[in-house]
Amino acid sequence: ELLVDLQAYDYSLDMWSLGAMFAAMIFRKEPFFYGADNYDQLAKIARVLGTDSLWTYLAKYGLELEPQLEALVGTHSRKPWTKFVTPDN
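The paragraphs below set out a description of the structure included in this document. All figures in this text were calculated on a predicted structure; none of them were measured in a lab.

Another aspect to go through is helix H2 (residues 38-49). Between the first and last C-alpha of H2 there are 16 Å, a value that for twelve residues agrees with the 16 Å anticipated at 1.5 Å per step. Taken together, the buried positions of H2 are Asp40, Gln41, Leu42, Ala43, Ile45, Ala46, Val48 and Leu49. In this fold, the buried residues of H2 make contact with helix H1 (12-27), helix H3 (52-60) and helix H4 (67-73). Downstream of H2 by one or two residues, Gly50 has phi in the positive range, about 85°.

Once the charged atoms of two side chains with opposite charge are near each other, the side chains can pair. Applying the stated criterion across every chain yields a total of one salt bridge. A salt bridge links Asp40 to Lys44; the shortest N-O distance between them is 3.6 Å. Placement of the pair is Asp40 and Lys44 together in helix H2, with a separation of four residues, close to one helical turn. Judged by relative accessible area, which is 31%, Lys44 ranks as partly exposed.

Cut-offs and rules
Residues numbered from 1 in each chain as written. Predicted model: local features only at pLDDT ≥ 70, side-chain atom pairs only at ≥ 80, totals over all residues. Heavy atoms only, no water. Helix = DSSP H or I, 4+ residues; strand = E, 2+ residues; numbered from the N terminus. Expected span 1.5 Å × (residues − 1). Buried < 20%, exposed > 50% of the residue type's maximum accessible area, 1.4 Å probe, protein only. Contact = heavy atoms within 4.5 Å. Salt bridge = Lys/Arg side-chain N within 4 Å of Asp/Glu carboxyl O.

Here it is as structure tokens:
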């Protein structure tokens, strides 16, 4: 919601935050998604969760990314959670 400039608030933002906190605790990577700015943050999220659900979300709310953000986000498939398992976690 915040990263794509959606003006309406929904409880899903709270659920997303909870999920990101759980991922940080489980994989011992704090924060799990760390971006230098909002554009970088969204690109890093898309590299992990894939872009298919991002495009679906944007279409559902009639949103479009700015061309430079869309280029930065790119196209990615969802990474399996096992990819984040290390000997440290």
